[in-house]
Amino acid sequence: MSGESERAGGDDDTEDRGADEIEWGEGNPRVLFVMNLVLSTAFAAVVVYGLSYLDLAAFSVVNVASAALVLTAVTYLVTN
């Protein structure tokens, strides 16, 4: 029973900070870069596939890689 009373009204640090306050870290830059690269590549593949469906561009590795690099660079510039 003592565990329940501690959880219900014990000395908790979260009461001092407030309910709306969340601390966010920067994150590991290598993980963020890899996530950016993967998501940009997936989005670039969808865009290039759509363009190839409309016969505006060929769906190739070079086109997907080029679009992914451009998207990665733009995302990096916007976020920094």
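Residues numbered from 1 in each chain as written. Predicted model: local features only at pLDDT ≥ 70, side-chain atom pairs only at ≥ 80, totals over all residues. Heavy atoms only, no water.

The protein goes by DUF8107 domain-containing protein in an unreviewed UniProt entry, where it is assigned to Haloferax volcanii.

Turning our eyes to something else, we now look at the environment of Leu39. Positionally, Leu39 belongs in helix α3 (residues 29-53). Considered as a pair, Leu39 and Ala68 are 29 residues apart in the sequence and their alpha carbons are 8.7 Å apart. (Helix = DSSP H or I, 4+ residues; strand = E, 2+ residues; numbered from the N terminus.)

Okay, the UniProt feature "transmembrane region" (unreviewed entry) in the protein next. Here, the residues flagged by UniProt with the feature "transmembrane region" (unreviewed entry) are residues 31-51 and 57-78. Span residues 31-51 is 100% helix and 0% strand, its end C-alpha atoms 30 Å apart. Between the first and last C-alpha atoms of residues 57-78 the distance is 27 Å; the span itself is 82% helix and 0% strand. (UniProt positions renumbered as here; feature names shortened; annotations may be inferred.)

Let us now look at unusual backbone geometry. Even without glycine at this site, Asp55 takes up a positive phi of about 60°. Residue placement: Asp55 occurs in the loop between α3 and α4 (61-79).

Before going further, it helps to examine the packing of α3 against α4. Across the interface, α3 lies against α4 with an axial gap of 8 Å and an inter-helix angle of 130°. Relative to α4, the element α3 lies oblique. Like other packed secondary-structure pairs, α3 and α4 cross with a definite hand, here right-handed. Judged by residue contacts, Phe33, Asn36, Leu37, Ser40, Thr41, Phe43, Ala44, Ala45 and Val48 of α3 engage Asn63, Val64, Ala67, Ala68, Leu71, Thr72, Thr75 and Tyr76 from α4. (Axes fitted to C-alpha atoms, helices over the stretch in contact; angles between N-to-C directions. Parallel < 35°, antiparallel > 145°, perpendicular 65-115°, else oblique. Left-handed = near helix turned anticlockwise from the far one by under 90°. Contact = heavy atoms within 4.5 Å.)

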